[in-house]
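The chain contents come next:
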Amino acid sequence: ADGFASAISSPIALGVGAPASIELVMGDGQTAPVGSAVPVAPAVVVKDGTGNPVSGVPVNFVVTRGGGIVTGEDQITGADGIAAVGSWKMGKNTGDNTLEARIGTSGVSGNPVVFHATAEAGPLSPTKSTVSASPASIGASTGSVFSTITVKAVDDFGNPLRDIPVVISATGSGNTIVQPSGPTNAQGVATGRFSSTSPGDHVVSATVGGSAAGRTATVKVTAGPPVASTSSAQVGPGTAGAQTEVTINLRDASGNPVTGAPGSISVTVSGANSASGPVAETGGGAYVFRYTPVVAGTDQVQVQVNGADVPGSPFSSTVSPGPADPSRSVANVPATFFFSTTFSVTAVDAQGNLVGHGGESVVISVDGIGPLSVADNGNGVYTADFAPGVGAYTVNITVNGGAIAGSPFTTQRVF
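Owing to the predicted nature of the structure, the values given are computational and were not obtained by experimental measurement.

## A short note on the overall build of the protein chain
Helix and strand counts for the protein chain come out as zero helices and 39 strands. Against the 2.2 N^0.38 benchmark of 22 Å for 415 residues, the protein chain shows a C-alpha radius of gyration of 52 Å, more extended than a compact globule. By its C-alpha atoms, the protein chain is 210 × 35 × 30 Å across when sized along the principal axes. When the 415 residues of the protein chain are sorted by exposure, 37% land in the buried category. Sequence separation of 24 or more characterises 59% of the internal contacts of the protein chain that already satisfy a separation of 6 or more. For the protein chain, the accessible surface area stands at approximately 20,000 Å², while carbon and sulfur atoms represent 53% of it. Mean positive and mean negative side-chain charge positions of the protein chain (15 and 25 charges, respectively) differ by 2 Å.

This is the structure:
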């Protein structure tokens, strides 16, 4: 009425503009065990140029480092402009994991948003924790020769775990175990030592965090080097012309039989006979040296292992004459005699040694008269008295059924 228009107008609708920025809302800088989801789902907010939240904007969440897994990777912003991934699981390895939130609109500030998370090793997996031994074969000892036992504590994905207590054990007897000096280190490793005086296969196991490690190691213990002081030898009496055996039992410092070491043994024979040479292995740590004496008497047998005498060395071996050999035995049959004579036979073995004892079968027979009565003098000499009539005679002499050298003999009584 006064000619002025009303200063009050109808409301003006102000619309939300296009996406201009994308920002991180929550879920950055988290920590989770490998293979597990972070506790807070990462989320972003999309805004227009005046800072208003923009709804309905597609957001794609993509793992870019660490090998993790997302669920609900394709999201759409809500009325508050926020989009959150369904879940973000860490990868199998410890360390940095990254996730990016991206929108397809170009020229958007902050696009893409990067989330960081740290994957930590998961709980101990005893079944996947391991025991290893190096070397896998050692000589027997009380600790001077050993195998290093390495125990590694890991989670289900093989990631090392530190500060896990470890206790090592092994099967068999005679074992010496040096336990680790502390729990596992940053690499999940704790080391100890294993040695044993008992040859054979020993299974080495460990408990990690109080539970048995799923994998074990086998250490083969062999006899140590031969030692003279624990080895032994036996030498029996000998017989000329027959083999004498020297038996040697080779042992290491712990008394275990040592095989495959004939070269460590030397045998030297002196005295009535002399001999030396290689030894033969007969099994189970036993060896033998054989020689054939030819001279009756006493032999001294020196047995050494790696240049040192075994206890009792040198050993005495009494060598007896062999059995009488007719071809080496001798007789005294005079070519002529008066009234009566005595025939004598001396028994000699095949090596020329005087037999020196009685007991041989000596037969002296004279043609036309028959066997004579033979006296055994007990010292290897046999005698028979002969007093025939005047004339020539043929004398046959045998020792143990064989004619002695020179038999038959001829003799003659001249008066």
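## Examining the sheet that holds strand β36 (residues 381-386)
Backbone hydrogen bonds hold the strands of a sheet together, and the pairing may be parallel or antiparallel. Pairing within the open sheet is antiparallel, and its four strands lie in the order β30-β32-β36-β35. The outermost strands of the open sheet, each flanked by one partner alone, are β30 (330-332) and β35 (375-376). By the bridge criterion, two bridges tie β35 to β36 in an arrangement that is antiparallel. The residue bridging D376 from the neighbouring strand is Y382, located in β36.

## Considerations on the side chain of S313
The residue S313 is located in the loop between β28 (308-309) and β29 (315-320) in this model. On the basis of relative accessible area, S313 is assigned to the buried category, the value being 14%. Of the polar contacts made by the side chain of S313, one reaches the backbone nitrogen of V303; its length is 2.9 Å. Setting aside anything within four residues of it in sequence, one finds S313 in contact with V301, Q302 and V303.

## Observations regarding the environment of P126
Mapped onto the elements, P126 comes out in the loop between β10 (113-120) and β11 (130-134). On the basis of relative accessible area, P126 is assigned to the partly exposed category, the value being 21%. Sequence separation between P126 and V154 is 28 residues; the distance between their C-alpha atoms is 7.6 Å.

## Structural notes on a nonpolar patch on the surface
Side chains of V25, M26, V40 and I82 sit close together on the surface and give an oily, nonpolar patch of about 280 Å² of accessible area. Structurally, V40 is set in the loop between β2 (30-33) and β3 (43-47). The partly exposed category is assigned to V40, whose relative accessible area is 36%.

## Focus on the packing of aromatic side chains
Each aromatic ring pair is characterised by the separation of its centres together with the angle its planes make. Taken as a whole, this structure holds five aromatic pairs when the rule is applied. With 6.1 Å between their ring centres and 25° between their planes, F289 and Y291 make a pair best called stacked. Across this residue pair, the class does not change: F289 and Y291 are buried. Grouping aromatic residues by their ring pairs yields a cluster made of F337, F343, F386 and Y393. The lysine or arginine in question, R193, covers the ring of F146, its NZ or CZ lying 4.0 Å from the ring centre.

## Overview of the nonpolar core
Counting residues in each nonpolar core, the largest one holds 23 residues, and the members touching the most others are V44, V59, F61, W88 and F115. Going through the elements one at a time, β3, β4 (58-65), β9 (95-102) and β10 are the ones with two or more residues in this core. Looking at this core element by element, the count peaks at four residues for β10. Not counting residues within four places of it along the chain, the set of residues in contact with F61 comprises P42, V44, V70, E73, Q75, A83, A84, V85, L99, E100, A101 and F115. Counting residues in hydrophobic clusters, the runner-up holds 21 residues, among them A233, Y287, V301 and V303.

## Focus on the pairing of strand β27 (residues 297-305)
In the sheet, strand β23 (residues 265-271) pairs with β27 via seven bridges, with the strands oriented antiparallel. Across the sheet, residue I265 finds its bridge partner in β27, namely V305. Where β27 lies against β29, five bridges are found, and the strand directions are antiparallel. Of the residues in β29, the one forming a bridge with D299 is S317. Sheet analysis places β27 next to β28, joined by two bridges and oriented antiparallel. Looking across to β28, one finds that Q304 is bridged to D309. The antiparallel pairing of β27 with β28 creates a hairpin that spans two residues between the two strands, and N306 there sits at a positive phi of about 50°.

## Here's the deal with the pattern of salt bridges
Tallied over the full model, the rule gives five salt bridges. For K47, the salt bridge goes to E23, with nearest N and O atoms at 3.8 Å. Residue K47 is located in strand β3, and its partner E23 is located in strand β1 (residues 21-26); the two are separated by 24 residues in the primary sequence. Overall, K47 belongs to the partly exposed group, its relative accessible area being 24%. For R162, the salt bridge goes to D163, with nearest N and O atoms at 3.8 Å. The pair R162 / D163 is uniform in exposure class, with both members exposed.

Parameters at a glance
- Residues numbered from 1 in each chain as written.
- Predicted model: local features only at pLDDT ≥ 70, side-chain atom pairs only at ≥ 80, totals over all residues.
- Heavy atoms only, no water.
- Helix = DSSP H or I, 4+ residues; strand = E, 2+ residues; numbered from the N terminus.
- Rg over C-alpha atoms; globule rule 2.2 N^0.38 Å.
- Buried < 20%, exposed > 50% of the residue type's maximum accessible area, 1.4 Å probe, protein only.
- Contact = heavy atoms within 4.5 Å.
- Areas by Shrake-Rupley, 256 points an atom, 1.4 Å probe, with all protein chains shown as cover.
- Lys, Arg positive; Asp, Glu negative; His and termini not counted.
- Charge placed at Lys NZ, Arg CZ, Asp CG, Glu CD.
- Pairing = 2+ DSSP bridges.
- Polar contact = N/O pair within 3.5 Å; in protein donor to acceptor, adjacent residues only side chain to side chain.
- Patch = residues over 30% accessible without salt bridge, like charges linked within 9 Å, V, L, I, M, F, W, Y side chains within 5 Å.
- Salt bridge = Lys/Arg side-chain N within 4 Å of Asp/Glu carboxyl O.
- Phe/Tyr/Trp six-rings, centres within 6.5 Å; stacked < 30°, edge-to-face > 60°.
- Lys NZ or Arg CZ within 6 Å of the ring centre and 35° of its normal.
- Core = buried A, V, L, I, M, F, W, Y, C linked by side-chain atoms within 4.5 Å.

Remember, this is a structural readout, not a statement about activity or role.
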